[in-house]
Amino acid sequence: MDASQVAVHGKELKHYDPARAWVTSATGIASLTAIALFALLLISNAPTLTHPFIPGSDYAADILATQRAAHGLLLTGHPSVAGFNHPGPFFLYFRILAQWLIGDLTATVFGAHLVGVFACSALFAGLFAALLHGLARQEGADDRTATIAALGALAVILMQFGTIGAPGDDFVPRVAFARGVLSNIWMPDVLILPFLTFLTAALLALRGSTFGLIAATGTAGALVHGYIMLPPIVGPVWLITALLARRARRAVTGQDFSGPTWLAVIGIITLFALPLLLDAVLHPPGNIALALATAVDRRVSAPSPPLLTLVRFLCHQWWDVRPGLWAAIPLGLAICAATHRHRAVCRGTFLLLSLVAATALLAFTQTPWRLPPFSARFFLATALLPIALGVLFALLALQRNQGRLGASTAAALVFLFPLTTPLYLPYRGADGIDRAARAIAAEVPPGSQIALSSAGGQGAPSTIGASVINLRTTGASAINLSTTGANGIDPNLSARHIPVIAGVLLDLDRFGIVSCAQEPIPFYYSAERICAQPLPPGTPVYQIDVVVCPADPPPPFERVGSGIMIMPVAGRRDCVQIVPAPR
């Protein structure tokens, strides 16, 4: 049989060649989707982009981490409270590029980074739409039908991103509420769409698709960079997918993937591996070695979670799915059974999701850290994939039998998506951090160099191995951390000042004040913002701590002796205290 033909129900149908279609219809649908979603996100979040937002905590730490690109190579990812960074910088470079291009057009640097997140989400949404289009063409649909079905299925999935569960206990069902998840800069939310795109690309690759294999390789590399728990999950799934894709390719065409295809795969893998290898060479032993050493050290005293607990933990992510969307899964299965179509896709989906579940259970069994709900938020994609396929199959069936009805249904879904899905996420600034920076700027002229410290933090080791024991956001975006007692650290040491200092370091940049942190915690402050020791003579040192507010709340600024007490958002119990440290 010729490579461009495939037998379906005794008929010879034109077989979809992704390598050729990529430069035509797939490129078109990907570009259209990405541009439209990016524009919608920009318009919806204009208030955040045009008004000053002062970040603290993880938001500030992420931006501080990107500042390394101004001094050299950024080779690691987002900071982790476990004492190291997540593996790679792929997602951070979207933010850096946005800051370089439009940093002067947004009210604060946070706005530019938010635009970078929009661009990243739009890119993956466009790729996801192109992959759905490819699956539809694999199933015998013409280009117009495939485009209609792919856009309708994409719209349904994006509607889900307007509903996400409220933070809660690990295994307690959460009440989903509407917020602009596509506009969230927080990495656990950012990773859901790339993981869904990876699963879709892997499914297309299982059909012997060149486009699917290349897309699966690229998205797998991005996910490996994004989160420390994803390499042991994505890596084995990609490898098994690549092996099965070769077999499927030979079954369809009689030959393996072409040499240029494998060169492209090797090139993509090398590109994503290069930052990790360079980090190990330039900053030995490297961030990955630090992560593994920390995991092994903690693993000694950390028992494996029970298997049933992990199953509940992963399935817990599905509580975020809108109830009505679950109907798409039995609908898709019914269409497969009734029409004798799409059975290969259904089998491939079952195999793929089984692989993901197995690798995820194995990875989380070996983790030495506590499992907060957000650490597996990406697993939500395992429910979204069969939902997307169910909608895709339904629209293909409607288009085959009732062409106008199918097209009208898809058009209605695309139209309803921006009307029913919140794309705006209202960020609340960290008032305590902004006031702290302004209080310091009132005493220090621009161009000065100062150091920030805390009452109990000076001299802390470079990795404190902290684990979250209680998350309580305050007006200063502070979190409670407790160390493990390793390396001689006092297990009762309070590190709630760390996220506050990270925010003040970033905010002082707006006033032209050169600031550094005395505590050597580079995974949170970034190595470039750690003070050189000893400090130059005459460098002012400001001690910043989070303390319990007095019973009689002070005004936003109140001098207490030689220091300043700063109130956070009304109703909170924590205050930021700034005291010039004696030299």
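Residues numbered from 1 in each chain as written. Predicted model: local features only at pLDDT ≥ 70, side-chain atom pairs only at ≥ 80, totals over all residues. Heavy atoms only, no water.

**Brief notes about the pattern of salt bridges**
Quick reminder of the rule: Think of a salt bridge as a Lys or Arg side-chain nitrogen and an Asp or Glu carboxyl oxygen that are within 4 Å of each other. Per the convention used, a helix needs a DSSP run of H or I reaching at least four residues, while a strand needs a run of E reaching at least two, with both numbered from the N terminus.
Enumeration over the complete set of coordinates arrives at 11 salt bridges. The shortest N-O distance in the salt bridge between Glu528 and Arg68 comes to 3.0 Å. On the criterion of sequence distance, the pair formed by Glu528 in the loop between helix H21 (522–525) and strand S9 (541–548) and Arg68 in the loop between helix H4 (57–66) and helix H5 (90–102) is long-range, its members being 460 residues apart. Between Glu139 and Arg207 there is a salt bridge, and its shortest N-O distance comes to 2.6 Å. A residue pair is termed long-range when its members are at least 10 positions apart, and Glu139 in the loop between helix H6 (109–138) and helix H7 (143–160) and Arg207 in the loop between helix H9 (192–205) and helix H10 (210–226) qualify at 68 residues.

**Let's talk about the state of the cysteines**
Test applied: Whenever a pair of cysteine sulfur atoms sits within 2.5 Å, that pair is classed as a disulfide. Burial here depends on accessible area, computed with a 1.4 Å probe over protein chains only, as a share of the maximum for the residue type. Under 20% is buried, over 50% is exposed, and the range in between is partly exposed.
The tally for this structure, following the rule as stated, stands at 1 disulfide. Note on cysteine connectivity: Cys516 is disulfide-linked to Cys531, with sulfurs 2.0 Å apart. Since a negative S-S torsion denotes a left-handed disulfide, the Cys516-Cys531 link at about 95 degrees is right-handed. Note that Cys516 is positioned in strand S8 (residues 514–517) and Cys531 in the loop between H21 and S9, a separation of 15 residues in sequence. Accessibility assignment for this pair places Cys516 and Cys531 in one class, buried.

**Quick word on the pairing of S9**
The condition is simple: For two strands to be treated as a pair, DSSP must find at least two bridges joining them.
In terms of burial, S9 is a largely internal element, 6 of the 8 residues being buried. When strand S5 (residues 449–453) meets S9, the two strands line up parallel, connected through 3 bridges. Residue pairing in the sheet places Leu452 in a bridge with Tyr542 of S9.

**Here we look at the environment of Ala581**
The line we're drawing: Residue contacts are defined here by distance: any two heavy atoms, one from each residue, within 4.5 Å place the two residues in contact.
Mapped onto the fold, Ala581 is located in the segment after strand S12 (574–580). Note on Ala581: relative accessible area 16%, which makes it buried. Spatially, the C-alpha atom of Ala581 lies 7.9 Å from that of Pro540, the residues being 41 residues apart in sequence. With sequence-adjacent residues up to four places away left out, Ala581 is seen in contact with Val541, Tyr542 and Gln543.

**Quick notes on the packing of H9 against helix H11 (residues 231–253)**
Stated precisely, the cut-off is as follows: For helices, the axis comes from a line fit to the C-alpha atoms of the stretch in contact; other axes are also lines fit to C-alpha atoms, and the angle between any two N-to-C directions lies between 0 and 180 degrees. When an angle is under 35 degrees it counts as roughly parallel; over 145 it counts as roughly antiparallel; between 65 and 115 it counts as roughly perpendicular; any other value is oblique. A crossing counts as left-handed when the near helix is turned anticlockwise from the far one by less than a right angle, and as right-handed when that turn is clockwise. Side-chain classes follow a simple rule in which Ala, Val, Leu, Ile, Met, Phe, Trp, Tyr, Cys and Pro form the nonpolar group, Asp, Glu, Lys and Arg form the charged group, and the remainder, Gly included, forms the polar group.
Where H9 meets H11, the closest approach of the two axes is 9 Å, and the angle between their N-to-C directions is 20 degrees. The angle between H9 and H11 places the two elements in the roughly parallel class. H11 is crossed by H9, and the crossing has left-handed handedness. Contact residues: Phe195, Phe198, Ala202 and Ala205 in H9; Val234, Val237, Trp238, Thr241 and Ala245 in H11. When the residues that make up the contact of H9 with H11 are grouped by side-chain class, the tally is 8 nonpolar, 1 polar and no charged.

**Thoughts on the side chain of Thr539**
As a reminder, the rule being used: Any pair of nitrogen or oxygen atoms within 3.5 Å is treated as a polar contact; in protein, a donor-acceptor pairing is required on top of that, and neighbouring residues in sequence qualify only through side-chain atoms on both sides.
Relative to the helices and strands, Thr539 resides in the loop between H21 and S9. Residue Thr539 is classed as buried on the basis of its relative accessible area of 5%. A polar contact of 2.7 Å, which involves the side chain of Thr539, links it to the backbone oxygen of Pro536.

**Description of the packing of aromatic side chains**
The cut-off we apply is this: Two rings from Phe, Tyr or Trp (for Trp, the six-membered ring) form a pair when their centres sit within 6.5 Å of each other. Planes less than 30 degrees apart are called stacked, planes more than 60 degrees apart edge-to-face, and all others tilted.
As enumerated under the stated definition, the model contains 18 aromatic pairs in all. Seen from their ring centres, Phe195 and Phe198 are 6.2 Å apart, and the 45 degrees between their planes marks the pair as tilted. Placement of both Phe195 and Phe198 in helix H9 is noted, with a separation of 3 residues, approximately one turn of the helix. Here the two residues Phe195 and Phe198 agree in accessibility, since each one is buried. Ring geometry for Trp318 against Phe379: centres 6.1 Å apart, planes inclined by 15 degrees, an arrangement best described as stacked. Residue Trp318 is located in the loop between helix H14 (307–315) and helix H15 (328–339), and its partner Phe379 is located in the loop between helix H16 (343–366) and helix H17 (381–401); the two are separated by 61 residues in the primary sequence.

**Focus: the nonpolar core**
Inclusion rule: Nonpolar core, defined: a set of buried Ala, Val, Leu, Ile, Met, Phe, Trp, Tyr and Cys residues in which side-chain atoms within 4.5 Å join the residues together.
Core analysis: the largest hydrophobic core is formed by 154 residues, its most contacted members being Phe364, Phe378, Ile440, Leu452 and Ile578. Among residues more than four places away in sequence, those in contact with Phe378 are Leu191, Ile192, Phe195, Tyr227, Leu230, Ile233 and Phe364. Judged by nonpolar contacts, the second largest core, of 6 residues, contains Ala451, Cys516, Leu535 and Ala581.

**Examining the packing of helix H2 (residues 25–44) against H7**
In contact at an axis separation of 11 Å, H2 and H7 are set at 30 degrees when each is read in the N-to-C sense. Here H7 runs roughly parallel to H2, going by the angle between their axes. Crossing of H2 over H7 shows right-handed handedness. Of the residues in H7, those in contact with Ser25, Ile29, Thr33 and Leu37 of H2 are Asp143, Thr147, Ala150, Leu151, Leu154 and Leu158. The class makeup of the residues in the contact of H2 with H7 is 6 nonpolar, 3 polar and 1 charged.

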